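Secondary and tertiary structure notes
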Amino acid sequence: MSLVIYNTLSREKEPFVPLDPAHVRLYVCGPTVYDYVHIGNARPVVAFDVLYRLLKRRYPRVTYVRNITDIDDKIMARATECGESIDALTKRTGDAYQSDMRRLGALAPDHEPRATEYVGQMIELIQQLIAKGHAYAADGHVLFSVPSMPDYGRLSRKPRDELIAGARVEVAPYKKDPADFVLWKPSAATQAGWPSPWGRGRPGWHIECSAMSGALLGETFDIHGGGLDLIFPHHENEIAQSRSAFGHATMAKYWMHNGFLNISGEKMSKSLGNFLTVHELLDQYPAEAIRLLLLSAHYRQPLDFTHEGLQQARATLDRLYRAVASLKDVAAEPVEQLRIEQGTVETDLEDDLNTPLAIARLHALADYVLNPTKLVGYDDRKPVEIRPGQLKSRLLASGYTLGVLQQDPDVWFKDPRRAVSVSIHERLNATDTLDAQVSDLEIEAEIAKRNEAREAKNFAEADRIRDELKAQGVILEDGPKGTTWKRG
Ligand code: AMP
Ligand code: ZN
C-alpha cells in the first residue's frame, strides 16, 4: 500500500504523490506563544509528527517546518500585563512549548522559525503583492485585495456573502472591499513595530506563514497542515498571498487539518478558559500516556479529553511495556511483517494516518507476547511459528513509527506519574479511589466481565482483563469449577 491522505482542498482521500520524490516538504502552523500551550495545541504537533515519521521512512529527504508565532496583539497585551518585554515573554513561552513538545515525543522539525526573524521576507512579499496589483496601502495599513483573485475561497468553499458577513464585524473604512484582509498594520510608538515602506508597523498573522514557508520550503510544496479552525481565514489567506505573489496555481498540493480536542463537548481554547496546559499534565501523567491519548482517535475526528482517557492510555502502555519487558533477554530479529499479520502499523498509518487501528495492532502484537500459547499463528490455516525475536522487532519498530514504546520498560514502570493501573476503577466509575488497592468486590466484578468475554469468544478482551488484574497483583486460576483468584 502507499500513502493516502485526505486533502481538504478536494474533500477527498488522495494518493500522496510528492512534487519531488527526492525531497518531500511539509509545513505545519505552530502556536502563538504568550503562555503555556494547551493540550489541544499539542494535537496537531503529535498528529503531524506521526506523518513526519512515516514520510521519513519512505522518502530519502523530508523537510518539516513548524513555525512559532511570536508577534501578535495577544502577545503584546500579555507582555504589558506582566511588565515583561515581548522578547523575554516569547523566548520563555516559546522555549517551554518546544520543551513540552519534545517531552511528548515529537521529533524536532528541521526548521522552527520564529515569525520575528522573517519580517524582512514578509515586507518583500507584501511589496510583490502590491506590484502585481493584489494589494494596496491605505492609512498606514496594507490590505490584500480579495477581488483581485477570482478563485479566492477554494479551500474553505465559503460563498462570497459569507466571507463578507464574516469580515463586516470589523469593517474598516480603509478597506476597498469588505472581504479584504490585513497584510501590514501601523504600530503606535508604544507598540512593537518594524520600519517599512508604509511606516513603522507590524505584519498581519497570515503573511507570516506565507513568508516562512516560501523562504524555507519554496514557492510550492507538498503538504500544509494545522487545526480545523485554521481553514478559514488563515489558510485561505495564506493561499491567496502565496499564489498571488509567486504566480503559481498551487501553494501546497495537500492540505491536512486535524479535528478539535474537546472538553465536555466543547473545543478547548484559551478564550473559553476551558483548557489544561500540556505543562501541568506532564506533571501528573507520563508524557507517553498523553501522546497515546492524542493518537487514540483518528486525527480528523473530534477527541474528547478526559482524565479517564489518560488513565486508560496509561493502562494500555502498562500492558505494552509488560510485553516489551518480557522480551528483555530476546535478541530482536529484523522482520518487515509477520506472516500472521495483514499489513503493519505502517500500512495502517498510510491510510490517512489511521492511528486507532495502529494502536489496536500494537495490542494484538502484545497479546502474542504475553500469551505464549499464541506463539503459533495461522497463515492459510497452516500453523506458522512466530519467534519472540520477530515479535520484539515488530513491536519496537511499530512503536517507533507511532512515537511510543521507546524507553526501557524499567524506566516506564518506575515513573512516579504512572501510579497503579486504574482501568478497573474507571470501569467501576470509582476514580476517586485511584490509589486504593483493588477491592475483592472489584476483582469479582472483573472476573464476571472476563467470563462474559470468554463466553462471547472475545479472548483478547478476556486476556486483557486477566493481564490488568495481574498488574494489580491479582492472579487468576482457571479450574474445572470456574475461576479462582489470589493476591500475588
Ligand atoms: P493557535 O495558537 O490558536 O494558533 O493554535 C496552534 C495550533 O493548534 C493550530 O494548528 C490550531 O488549529 C491548533 N488548535 C488550537 N486549539 C485546538 C483544539 N482545541 N484542538 C485541536 N487543535 C487545536
Ligand atoms: Zn500559519
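Thresholds, definitions, all that
Residues numbered from 1 in each chain as written. Chains lettered and ligands numbered in written order. Predicted model: local features only at pLDDT ≥ 70, side-chain atom pairs only at ≥ 80, totals over all residues. Heavy atoms only, no water. Donors = N, O, S within 2.8 Å, 3.2 Å for Na, K, Ca; no water. Tetrahedral: all angles 85-135°; square planar, octahedral: opposite > 155°, others 65-115°. Helix = DSSP H or I, 4+ residues; strand = E, 2+ residues; numbered from the N terminus. Buried < 20%, exposed > 50% of the residue type's maximum accessible area, 1.4 Å probe, protein only. Expected span 1.5 Å × (residues − 1). Arc of directions from axis to C-beta. Contact = heavy atoms within 4.5 Å. Polar contact = N/O pair within 3.5 Å; in protein donor to acceptor, adjacent residues only side chain to side chain. Axes fitted to C-alpha atoms, helices over the stretch in contact; angles between N-to-C directions. Parallel < 35°, antiparallel > 145°, perpendicular 65-115°, else oblique. Left-handed = near helix turned anticlockwise from the far one by under 90°. Nonpolar A, V, L, I, M, F, W, Y, C, P; charged D, E, K, R; others polar. Near = heavy atom within 4 Å. Areas by Shrake-Rupley, 256 points an atom, 1.4 Å probe, with all protein chains shown as cover. Pairing = 2+ DSSP bridges. Right-handed = clockwise from strand over helix to strand, strands pointing away.

Focus: the coordination of the zinc ion (ligand 2)
Within the protein, Cys29 (SG), Cys209 (SG), His234 (NE2) and Glu238 (OE) serve as the donor atoms for the zinc ion (ligand 2), at 2.0 to 2.7 Å. Considering all four donor atoms around the zinc ion (ligand 2), the spread of angles at the metal, 73 to 128°, places the coordination shape in the irregular class. Within one chain, the residues donating to the zinc ion (ligand 2) are spaced in sequence as C-x179-C-x24-H-x3-E. You can see cysteine 209 sitting in helix H6 (residues 205-217) and its partner glutamate 238 sitting in helix H7 (residues 231-246), a full 29 residues away along the chain. Glutamate 238 carries the same exposure label as cysteine 209, and that label is buried.

Quick notes on helix H4 (residues 119-131)
The end-to-end C-alpha separation of H4 is 18 Å, in line with the 18 Å expected for 13 residues at 1.5 Å each. Three or more residues of H4 are buried, namely Val119, Met122, Ile123, Leu125, Ile126 and Leu129. Along the long axis of H4, the arc covered by the buried residues comes to 160°, so they all point the same way. Seen from the open side of H4, the exposed residues pointing more than 90 degrees away from its buried face are Glu124 and Ala131. On the buried face of H4, the contacting elements are strand S5 (135-138), strand S6 (141-144), strand S7 (181-186), strand S8 (201-203), H6 and H7. Glycine 133 sits one or two residues past H4 and shows a positive phi near 80°.

Digging into the side chain of asparagine 7
Here asparagine 7 shows up in strand S1 (residues 4-7). In terms of polar contacts, asparagine 7 uses its side chain to reach the backbone amide nitrogen of leucine 9, at 3.1 Å.

Quick look at the packing of H6 against H7
Between H6 and H7, the shortest axis-to-axis distance is 8 Å and the interhelical angle comes to 50°. With respect to H7, the axis of H6 lies oblique. Here the hand of the crossing between H6 and H7 comes out right-handed. For the pair H6 and H7, the contacting residues are Trp205, His206, Ile207, Cys209, Ser210 and Gly214 in the first and Pro233, His234, Asn237, Glu238, Gln241, Ser242 and Phe246 in the second. Residues that form the contact of H6 with H7 fall into these classes: five nonpolar, seven polar and one charged.

Quick notes on the site of ligand 1
Lining the immediate environment of ligand 1, one finds 18 residues, of which Thr32, Gly227, Asp229, Leu261 and Met268 sit closest. A distance of 3.3 Å separates a nitrogen atom of ligand 1 from a polar side-chain atom of asparagine 258. One nitrogen or oxygen atom from the main chain of methionine 268 is found 2.9 Å from a nitrogen atom belonging to ligand 1. Here ligand 1, which alone exposes 480 Å², has 89% of that area covered by the protein.

Quick look at the pairing of strand S9 (residues 221-227)
Burial of S9 is extensive: seven of the seven residues sit out of reach of the surface. One ladder, built from three bridges, connects strand S3 (residues 24-28) with S9; its direction is parallel. Residue pairing across strands places valine 28 opposite glycine 225, the latter belonging to S9. Here S9 pairs with strand S10 (residues 252-258) via six bridges, running parallel. Residue pairing across strands places glycine 225 opposite methionine 256, the latter belonging to S10. The handedness of the S9 to S10 crossover, carried by H7, is right-handed.

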